[in-house]
Amino acid sequence: MNDARPGTTHRRGRLLALAALVAGAGAAAWSLRDLPAAFGRRPDGEQDERVRNSPQYRDGVFHNAPSTVAGTEAAPGVDRDGMRRMLFQREGRVPTRPVPTVRPAGGPQPAAEGVEVTWYGHASALVEVEGARVLLDPVWSDRCSPAAHVGPKRLHPVPVELEELPQVDAVLISHDHYDHLDMATVKRLVRSQSAPFAVPLGIGSHLRRWGVPEHRIIELDWNETCTLGELAVTLTAAHHFSGRGLTRNTTLWGSWVIAGPTRRVFYTGDSGYFEGYARIGAEHGPFDAALVQIGAYDTAWADIHMTPEDAVRAHRELGAGLLVPVHWCTFNLAPHPWSEPIERLLVEAKQQAVPVAVPRPGERVDVDSPPELDGWWEGVV
């Protein structure tokens, strides 16, 4: 029998609407439950003597080194034209077919006695140097964001689960942006690995909030070295900025030199082109290989992200052998087309006679015998 009392239908409608509102609010709250923790923790420069005494630190924040070819400040402002391109210039920015990935064949293998690089996508990579393994900027989450359901989404699956990686000797972080430092990945590495995290000054505060034991945190300033057995890792300069929330530049950023007894690799992290590459090459090179940032560039971001042409120039000034391009393919972070970074890089590298390896995500590259270019990305766009 239908209930025909006046107002019953309206009351039910209001109750249903209220229930939907409560459910929606609950779902939103659940999806954002990790947001405060993901922001990390700001280091206290007043109490942290190492931060306070860093040559890069003044007026409560870190600064880039003076440069005549890049800007001096490390906090780019809001660029309306760049924002418009990000929002409305959408064509070609994501692949139209699945990105091919490679899973490791067989069981665990010993670390390479020479130099080998496995690129997992974006800036995440495993570098093997003379029997030692180093994991760079690992991000295994579906999004590079403080929230699990909002932000740039992965354009291809991870090639291998984090827990399947071999034991490493160090985890290196270049800076604290979400596409390079991921809370969920760090927490998983605390459980699956025993290696220390070597990070620029200030990032230790994030790690401590996320449960990384103190004995596994090594904070370095530019040109400081940590020795782990026969492996030496040195934090070197980059021209960038930092920040996970509204505050910027309270943690340092940098690039990495990874050195074995006789072989060495360089990783740029994120950086605009600057004179520092020639200095790093003179002091720490030559390098058997360099992992160089080539993607997420824009005219408005020239001070903080290199173009592919900049990447080739930096690679040559470093005195590096094989160029392995990183920081492309995995996340849509800039208005340029998805495959443009690698296409522009190869044109410039050919003109400058720079050898390049372009692995599929998950593919292992022997630096002494790199694979021939096969244009795998051309079948994706």
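Everything numeric in this text was worked out from a predicted model, so none of it was measured. (Residues numbered from 1 in each chain as written. Predicted model: local features only at pLDDT ≥ 70, side-chain atom pairs only at ≥ 80, totals over all residues. Heavy atoms only, no water.)

Asks: Run through the sheet that holds strand β15 (residues 364-366), naming residues and quoting values.
Replies: Taken together, the seven strands give an open sheet; going across it, the order is β8-β7-β6-β5-β4-β3-β15, and neighbouring strands pair in mixed fashion. In this open sheet, the two strands that pair with only one neighbour each are β8 (217-220) and β15. When the angles between neighbouring strand axes are averaged without regard to direction, this sheet yields 25°. Bridge count between strand β4 (residues 124-129) and strand β5 (residues 132-136): five bridges; the pairing is antiparallel. What sits directly across from alanine 125, in β5, is leucine 136. (Pairing = 2+ DSSP bridges. Helix = DSSP H or I, 4+ residues; strand = E, 2+ residues; numbered from the N terminus. Axes fitted to C-alpha atoms, helices over the stretch in contact; angles between N-to-C directions.)

Asks: Please set out the sheet that holds strand β10 (residues 231-236) residue by residue, giving values where relevant.
Replies: As summarised here, the arrangement of the six strands in space is β9-β10-β11-β12-β13-β14, forming an open sheet in which the pairing is mixed. In this open sheet, the two edge strands, each paired with only one partner strand, are β9 (224-228) and β14 (320-326). Between one strand axis and the next, the sheet turns by 15° as a mean value, whatever way the strands run. The pairing of strand β12 (residues 264-267) with strand β13 (residues 287-293) spans three bridges and is parallel. Note on β13: the bridge partner recorded for tyrosine 267 is leucine 291.

Asks: A description of unusual backbone geometry should follow, citing residues and the corresponding values.
Replies: Backbone torsion omega between glycine 285 and proline 286 reads -5°, so that peptide bond is classified as cis. Summarising the element assignment, proline 286 is placed in the loop between α7 (276-284) and β13. If you check the backbone angles, asparagine 223 has positive phi at about 70° while not being a glycine. Secondary-structure assignment places asparagine 223 in the loop between β8 and β9.

Asks: Now, about the pairing of β10: what can you tell me, with residues and values included?
Replies: Across the six residues that make up β10, a large majority, five, are buried. With five bridges connecting them, β9 and β10 associate as antiparallel partners. Its bridge partner lying in β10, glutamate 224 is registered against leucine 235. The pairing of β10 with strand β11 (residues 255-259) spans five bridges and is antiparallel. Within the sheet, the bridge partner assigned to leucine 235 lies in β11 and is tryptophan 256. (Buried < 20%, exposed > 50% of the residue type's maximum accessible area, 1.4 Å probe, protein only.)

Asks: Mind laying out helix α9 (residues 340-351), listing which residues take part and the relevant values?
Replies: Turn by turn, an α-helix covers 3.6 residues, leaving residues three or four places apart pointing in a common direction. An ideal rise of 1.5 Å per residue puts 16 Å on twelve residues; α9 measures up with 17 Å between its terminal C-alpha atoms. Where α9 is concerned, the buried positions are Pro341, Ile342, Leu345, Leu346, Glu348 and Ala349. In this structure, the buried residues of α9 make contact with α8 (308-318) and β14. (Expected span 1.5 Å × (residues − 1). Contact = heavy atoms within 4.5 Å.)

Asks: Got a sec to walk through the packing of α7 against α8? Specific residues and values, please.
Replies: Two elements in contact, α7 and α8, have axes whose closest approach is 7 Å; the angle formed by their N-to-C orientations is 30°. Taken together, α7 and α8 sit at an angle that is classed as roughly parallel. α8 is crossed by α7, and the crossing has right-handed handedness. Every residue of α8 that contacts α7 at Tyr277, Ala278, Ile280 and Gly281 is listed here: Ala314, Glu317 and Leu318. In the contact of α7 with α8, the residues fall into five nonpolar, one polar and one charged. (Parallel < 35°, antiparallel > 145°, perpendicular 65-115°, else oblique. Left-handed = near helix turned anticlockwise from the far one by under 90°. Nonpolar A, V, L, I, M, F, W, Y, C, P; charged D, E, K, R; others polar.)

Asks: How would you sum up empty space enclosed by the protein? Please name residues and give values.
Replies: Applying the stated criterion to the full structure yields two cavities of 30 Å³ or more. The volume enclosed by the largest cavity comes to roughly 110 Å³. Contributing to the lining of the largest cavity are 15 residues, with Ala296, Phe331, Asn332, Leu333 and His336 lying nearest its centre. Class assignment of the residues belonging to the lining of the largest cavity gives a composition of nine nonpolar, five polar and one charged. (1 Å grid on protein atoms, 1.4 Å probe; cavity = no way out; pocket = protein on both sides within 12 Å on 5 of 7 lines; lining within 4 Å. Points joined across faces, edges and corners; volume = space filled by probe spheres on them.)

Asks: Describe the packing of aromatic side chains, with residues and values.
Replies: Applying the stated criterion across every chain yields a total of ten aromatic pairs. Ring plane angle 10° and centroid distance 5.9 Å describe the contact between tryptophan 119 and tryptophan 328, whose orientation is recorded as stacked. Of this pair, tryptophan 119 sits in strand β3 (residues 115-121) while tryptophan 328 sits in the loop between β14 and α9; the two residues are 209 residues apart in sequence, bridging distant segments of the chain. Across this residue pair, the class does not change: tryptophan 119 and tryptophan 328 are buried. Between phenylalanine 266 and phenylalanine 287, the ring centres sit 5.4 Å apart and the planes meet at 45°, which makes this aromatic pair tilted. (Phe/Tyr/Trp six-rings, centres within 6.5 Å; stacked < 30°, edge-to-face > 60°.)

Asks: Could you give an account of the layout of surface pockets, with specific residues and numbers?
Replies: Each pocket or cavity is described by its volume, and for the second largest pocket that value is around 430 Å³. Looking at the lining of the second largest pocket, the elements that each hand over two or more residues are β3 and β4. Residue composition of the lining of the second largest pocket, grouped by class: ten nonpolar, five polar and five charged.

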